[in-house]
Amino acid sequence: MSETSFTVKSNGVGRVRLEPTDVIGMGSPANPQLVLGLKFQLLPHPQTTYTLLRVNAKIFVGNENHPVAAAEHPPIAEDSYPNVYDRTVSLSVPLTLAQIKHIEEVRNGDNLLLRITLSGLVALKQTNEFERLQDMMLQVPVPRSHWIDTALKPWGISDLRLLEIKFPGSSHNEMVTARERLERAEGLYRVGDYTHVLTELRSAFNAIAEAYSQKGVSKEAWEQILVHTHADVRGKLLGLFVAFREFLHLGPHEPMPTTQTPTPISRQDARFALIVAHAIFEYFSIEDWPGI
C-alpha cells in the first residue's frame, strides 16, 4: 500500500492511498486502460470544509523522470466529512500499445513499480474560493502475477505480442513477408483460430528459407543458412528447425477454413508454436549474422 496526504488552507485534512490490488487493466485490445482505484479520506478542519472537484495524475514507471502516461478524472463532487471513511475515485488512464511496450521494457519481466503524481482542485465552502492540490506522491509496487493476470490478459496482450523481433536482412522482401505472416499468426491466436496460427508460422519459416537459400524450403536450406555455426551446434539446430517445421505442418495448408477437418490444435499448442517461432526469429536477429 502507498499513502500520502494533502493540505487545504495549510491544514493537513486529506489522505489518499492506493493498494497494489487496486491497479487493474480494463477496456479492450483496441482501447486499453489502466484503472487506479484511489481511496480518498476528506476530513474537514473546523474552519475549512471543502468539495473535491478534480483529480489528475501523471504515471511514471520505475525510476524514470518522464511520465509514461497522464489522465484526468471527469468532474466530481465529493464533500469533506468529519467521520473517517474512504471515497473511491477510479481514475482511468488510457494507454497505447507503444506505452504498454515501454512499461514492459522497464518492468523487464519483474514486478512493476508505478510512481504516481496526483494533483487536484477543491472548492472551499465558506469563502467560495478554489484551491489547487499539488504534488501528492504515491509509489506502488505491483506484483508481476497481478499485473499479468489483471492487466495484460484483459488487454489481449502477452509477452508474445510485446516482443520486438528484428528480422535479419530487412532489405529482403521475403523478410517483410515473414514479419507480416508472424503478425497474422498472432492475430489468429487472439481470435482463437489456433490451427491457422500454425499455417501462418509455417509460411513465415518458408519466407526466411527463400530469402537466404537457393535450395528451396528444406533441411538443405537451413544447412546453408547455418553454415558458419559450430558443427555441434549446427547439428542440434538443424534437428530442431526440421522437427519444429514438421510440427507446424499439423496446421492446414489452406489459408482459410475448408470442409476438411484438420488435426485439432489446442490453445496451448498454438501458444507453444508462437513462443518457439519468436525464439527462433530472435536467434537470427543479431547484427551481422554470419550465416546470412
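Participant: Sorry if this is basic, but what is going on with helix H1 (residues 97-107) here?
Facilitator: Residues spaced three or four apart along an α-helix point in a common direction, a consequence of the helix completing one turn every 3.6 residues. What H1 keeps buried is the set Gln 99, Ile 100, Ile 103, Glu 104 and Arg 107. Projected down its long axis, H1 carries its buried residues within an arc of 140°, all on one side. More than 90 degrees from the buried face of H1, the exposed residues found are Ala 98 and Glu 105. At the C-terminal side of H1, Asn 108 shows a positive phi close to 55°.

Participant: Where do I start with the pairing of strand S10 (residues 129-142) in this structure?
Facilitator: As paired elements, strand S9 (residues 112-124) and S10 share 12 bridges and run antiparallel to each other. Its bridge partner being in S10, Ala 123 is matched across the sheet by Phe 130. The turn linking S9 back onto S10 is made up of four residues, and Asn 128 within it adopts a positive phi angle of 55°.

Participant: Would you explain the pairing of S9 in this entry?
Facilitator: Both faces of the sheet carry side chains from a regular strand, because those side chains alternate between them. Of all the 13 residues making up S9, 12 are buried; the element is thus mostly covered by neighbouring parts of the structure. Bridge count between strand S5 (residues 50-61) and S9: 11 bridges; the pairing is antiparallel. In the strand pairing of S9, Leu 52 is matched with Val 122.

Participant: Would you mind going over the pattern of salt bridges with me for this structure?
Facilitator: Where charged atoms from two side chains of opposite charge approach closely, those side chains can pair. Tallying each qualifying case throughout the model produces 11 salt bridges. As a salt-bridge pair, Glu 129 and Lys 9 come within 3.3 Å of each other at their nearest N and O atoms. Here Glu 129 is found in strand S10, whereas its partner Lys 9 is found in the loop between strand S1 (2-8) and strand S2 (11-18), with 120 residues between them in sequence. The closest approach of N and O atoms between Asp 86 and Arg 17, which form a salt bridge, is 2.9 Å. Within this pair, whereas Asp 86 is found in the loop between strand S7 (78-79) and strand S8 (87-94), its partner Arg 17 is found in strand S2, the two being separated by 69 residues in sequence.

Thresholds applied
- Residues numbered from 1 in each chain as written.
- Predicted model: local features only at pLDDT ≥ 70, side-chain atom pairs only at ≥ 80, totals over all residues.
- Heavy atoms only, no water.
- Buried < 20%, exposed > 50% of the residue type's maximum accessible area, 1.4 Å probe, protein only.
- Helix = DSSP H or I, 4+ residues; strand = E, 2+ residues; numbered from the N terminus.
- Arc of directions from axis to C-beta.
- Pairing = 2+ DSSP bridges.
- Salt bridge = Lys/Arg side-chain N within 4 Å of Asp/Glu carboxyl O.

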